[in-house]
Amino acid sequence: MNKIAVYPGSFDPVTKGHIDILKRATSIFSKVIIAVVVNPNKKSRFTVEKRVELIKKSIGDLPGVEVDSFSGLLVDYVKMKNGVAIIRGLRAVSDFEYEFQMAHTNKKLAPNVETVFIAADNRYTFISSNVIKEVSSLGGDVSDLVPNCVLKELTEE
Ligand code: ADP
């Protein structure tokens, strides 16, 4: 059966933690759409186009993945794409409260769309795009934590 899932997020920029979740999701679903959320109210380091480009470069020819961006309600986008699930990554208890609230809100809006949480790999539980940006701006080495194209982008600026 063709089961499509959407993995939404800011991905500002994409990290190895995100890629790990994406790969795990592709082993469960026939297609995973990784989608950058367009949110003009959220300050971001990279443009939506650049974030999409960096995801595409990071995944290479990983099968079963589509890269996209969207604005508006997530559940509307999921339905438009014929998706059955929303993928979210969980790193620590601190992620839980917000994710729980979002999952229930989305369930209320779209009862047939399931939120599927995937546990982060041990190697990446402590990383977030914000930590990456901060550490690299102060000259710290993040080469183990982000794809090469992201590293290049962070160090070139
Ligand atoms: P958002 O602004 O929607 O939280 P992010 O790009 O920060 O966007 O995160 C997108 C998703 O990826 C979220 O579900 C988040 O919990 C998950 N995620 C972020 N960093 C990691 C990581 N290091 N390991 C696993 N999942 C992660």
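Our subject is the structure that appears above.
Predicted model only: the values in this text are computed from it and were never measured.

Rules used in this analysis
- Residues numbered from 1 in each chain as written.
- Predicted model: local features only at pLDDT ≥ 70, side-chain atom pairs only at ≥ 80, totals over all residues.
- Heavy atoms only, no water.
- Buried < 20%, exposed > 50% of the residue type's maximum accessible area, 1.4 Å probe, protein only.
- Helix = DSSP H or I, 4+ residues; strand = E, 2+ residues; numbered from the N terminus.
- Contact = heavy atoms within 4.5 Å.
- Patch = residues over 30% accessible without salt bridge, like charges linked within 9 Å, V, L, I, M, F, W, Y side chains within 5 Å.
- Areas by Shrake-Rupley, 256 points an atom, 1.4 Å probe, with all protein chains shown as cover.
- Salt bridge = Lys/Arg side-chain N within 4 Å of Asp/Glu carboxyl O.
- Near = heavy atom within 4 Å.
- Polar contact = N/O pair within 3.5 Å; in protein donor to acceptor, adjacent residues only side chain to side chain.
- Nonpolar A, V, L, I, M, F, W, Y, C, P; charged D, E, K, R; others polar.
- Core = buried A, V, L, I, M, F, W, Y, C linked by side-chain atoms within 4.5 Å.
- Phe/Tyr/Trp six-rings, centres within 6.5 Å; stacked < 30°, edge-to-face > 60°.

1. Some thoughts on helix α6 (residues 148-156)
Every buried residue belonging to α6 is among Cys-149, Val-150, Leu-151, Glu-153 and Leu-154, and all of these are buried. Looking at the buried side of α6, the elements it contacts are α2 (48-59) and α5 (129-137).

2. Topic: a nonpolar patch on the surface
Side chains of Val-93, Phe-96 and Phe-100 sit close together on the surface and give an oily, nonpolar patch of about 330 Å² of accessible area. Structurally, Phe-100 is set in helix α4 (residues 93-109).

3. Section: the site of the ligand
In the vicinity of the ligand there are 16 residues, among which Tyr-7, Ser-10, Lys-42, Gly-89 and Tyr-124 approach most closely. One of the side-chain N or O atoms of Ser-10 is found 2.6 Å from an oxygen atom in the ligand. One of the backbone nitrogen or oxygen atoms of Gly-89 is found 2.6 Å away from an oxygen atom of the ligand. Considered on its own, the ligand offers 550 Å² of accessible surface; in the complex 89% of this is hidden by protein. At the level of secondary structure, the elements contributing two or more residues to the shell around the ligand comprise β1 (4-9), α1 (16-26) and β4 (85-90). In the shell around the ligand, the residues fall into 7 nonpolar, 5 polar and 4 charged.

4. Structural notes on the nonpolar core
Tyr-7, Ile-34 and Ile-87 are the most contacted members of the largest nonpolar core, which totals 33 residues. It is α2 that contributes the most residues to this core, 5 residues altogether. In terms of nonpolar packing, the next biggest core, distinct from the first, is built from 12 residues, Val-6, Ile-33, Val-75 and Val-113 among them.

5. Focus on the packing of aromatic side chains
Considering all chains together, one arrives at 3 aromatic pairs under this definition. On the numbers, 4.5 Å between centres and 15° between planes, the contact of Phe-70 with Tyr-77 is stacked. Using a relative accessible area of 5% as the deciding quantity, one classes Tyr-77 as buried.

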